[in-house]
Amino acid sequence: EDQVTQSPEALRLQEGESSSLNCSYTVSGLRGLFWYRQDPGKGPEFLFTLYSAGEEKEKERLKATLTKKESFLHITAPKPEDSATYLCAVQTNNNDMRFGAGTRLTVKP
Amino acid sequence: EPEVTQTPSHQVTQMGQEVILRCVPISNHLYFYWYRQILGQKVEFLVSFYNNEISEKSEIFDDQFSVERPDGSNFTLKIRSTKLEDSAMYFCASRPDRANYGYTFGSGTRLTVV
């Protein structure tokens, strides 16, 4: 059965304190791994797509990396506005998206 | 930037009533989806729709659910006889005709069944 597991469930950082979020996956066939940001009461907002092991993508303070079993979302020098839930999702061979439960990030000033 | 638009933003309905949730996907997108998120839980796949038919559905998407693209722009999710456990955020998403691409999600409809 396809599974996507994110850790930690919640992460509290001080402004400027860098850290990483983890997404591990077990799927029958990976077509892509996606990171989304979700603010309370809103839909997921697309951040990155990664397709193959070794690939990296960057956007402002965020950098996503991918291995054959997991992906990391690195947050460098976060700011309070980076506070949100970060969702990992995998696109399987049938093209549908399966989400992890998310990591709730809080960045305190 | 193109958006996926969902209406209403909040719907309150009595148990047993029918509800229709509406979505206007991005105009040149060809694949459409409905997902739901029960409060505090993960985003769950309901159904995918392509070329005017369902391409896949989850075990959640039982006979009480149906989808339709009635006029080439709207994409609707109907729940025939709502239950308390149908209370959730319902998200519509769309993507272009490509195998791998980040979906664009709408802001969701919060459905409350009382």
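Here is a short report on the structure shown in this document. (Residues numbered from 1 in each chain as written. Chains lettered and ligands numbered in written order. Predicted model: local features only at pLDDT ≥ 70, side-chain atom pairs only at ≥ 80, totals over all residues. Heavy atoms only, no water.)

## What about the state of the cysteines?
Residues and elements named next belong to chain A. For the coordinates displayed, the defined rule picks out two disulfides over all chains. Between the sulfur of Cys23 and that of Cys88 lies a disulfide, 1.9 Å long from S to S. Residues Cys23 and Cys88 share a disulfide whose torsion about the S-S bond is about -60°; that sign makes it left-handed. Of the two residues, Cys23 is situated in strand 3 (residues 19-26) and Cys88 in strand 9 (residues 84-92); the sequence distance between them amounts to 65 residues. (Disulfide = S-S within 2.5 Å. Helix = DSSP H or I, 4+ residues; strand = E, 2+ residues; numbered from the N terminus.)

## Points about the interface of chain A and chain B
Chain A puts 23 residues into the contact, and the matching count from chain B is 20 residues. One can count one salt bridge joining chain A with chain B. The residue Glu56 of chain B makes a salt bridge to Arg98 of chain A at a minimum N-O spacing of 3.9 Å. Applying the counting rule to chain A against chain B returns two residue pairs in polar contact (both at pLDDT 80 or more). Within the residue set of the side of chain A that touches chain B, elements represented by two or more residues are strand 4 (30-38), strand 5 (45-50), strand 9 and strand 10 (97-99) of chain A. When residues of the side of chain A that touches chain B are assigned to their parent elements, the largest contribution, five residues, is made by strand 4 of chain A. Along the lines of polarity and charge, the residues of the side of chain A that touches chain B split into ten nonpolar, nine polar and four charged. (Contact = heavy atoms within 4.5 Å. Salt bridge = Lys/Arg side-chain N within 4 Å of Asp/Glu carboxyl O. Polar contact = N/O pair within 3.5 Å; in protein donor to acceptor, adjacent residues only side chain to side chain. Nonpolar A, V, L, I, M, F, W, Y, C, P; charged D, E, K, R; others polar.)

## Details of the sheet that holds strand 7 (residues 65-68) of chain B
Residues and elements named next belong to chain B. Spatially, 1-3-8-7 is the arrangement adopted by the four strands of the open sheet, whose pairing is antiparallel. Each edge of the sheet is formed by a strand with only one pairing partner; in this case those strands are strand 1 (5-7) and strand 7. Averaged over all adjacent pairs, the angle separating strand axes in this sheet is 20°, with direction ignored. Where strand 3 (residues 19-24) meets strand 8 (residues 75-79), five bridges bridge the pair, whose relative direction is antiparallel. Bridge assignment links Arg22 to a residue of strand 8, and that residue is Thr76. (Pairing = 2+ DSSP bridges. Axes fitted to C-alpha atoms, helices over the stretch in contact; angles between N-to-C directions.)

## Describing the pattern of salt bridges
Two side chains carrying opposite charge are able to pair once their charged atoms lie near each other. This structure, assessed with the given rule, holds six salt bridges over all chains. In this structure, the salt-bridge partner of Glu56 of chain A is Lys63 of chain A, at a minimum N-O distance of 3.5 Å. For Glu56 of chain A, a relative accessible area of 48% corresponds to the partly exposed category. Note on Lys63 of chain A: relative accessible area 27%, which makes it partly exposed. A salt bridge links Glu44 of chain B to Arg36 of chain B; its shortest N-O distance comes to 3.1 Å. (Buried < 20%, exposed > 50% of the residue type's maximum accessible area, 1.4 Å probe, protein only.)

## Overview of the side chain of Asp82 of chain A
Residues and elements named next belong to chain A. Structurally, Asp82 is set in the loop between strand 8 (70-75) and strand 9. Exposure remark for Asp82: the relative accessible area of 7% places this residue in the buried category. Leave out the neighbours within four places in its chain, and Asp82 touches Arg37, Arg61, Leu105 and Val107.

## Concerning the packing of aromatic side chains
Residues and elements named next belong to chain B. The final tally for this structure, using the stated rule, is 18 aromatic pairs over all chains. Centroid distance Phe49 to Phe75: 5.3 Å. Interplanar angle 40°. Geometry classified as tilted. Residue Phe49 is found in strand 5 (residues 43-50), and its partner Phe75 is found in strand 8; the two are separated by 26 residues along the sequence. On the basis of relative accessible area, Phe49 is assigned to the buried category, the value being 5%. Looking at Phe75, the relative accessible area reads 0%, which means it is buried. (Phe/Tyr/Trp six-rings, centres within 6.5 Å; stacked < 30°, edge-to-face > 60°.)

## Describing the side chain of Ser58 of chain B
Residues and elements named next belong to chain B. Structurally, Ser58 can be placed in the loop between strand 6 (53-57) and strand 7. Polar side-chain contacts of Ser58 include one of 2.8 Å to the backbone oxygen of Phe45. In this structure, Ser58 is in contact with Phe45 and Leu46, ignoring residues within four places of it in sequence.

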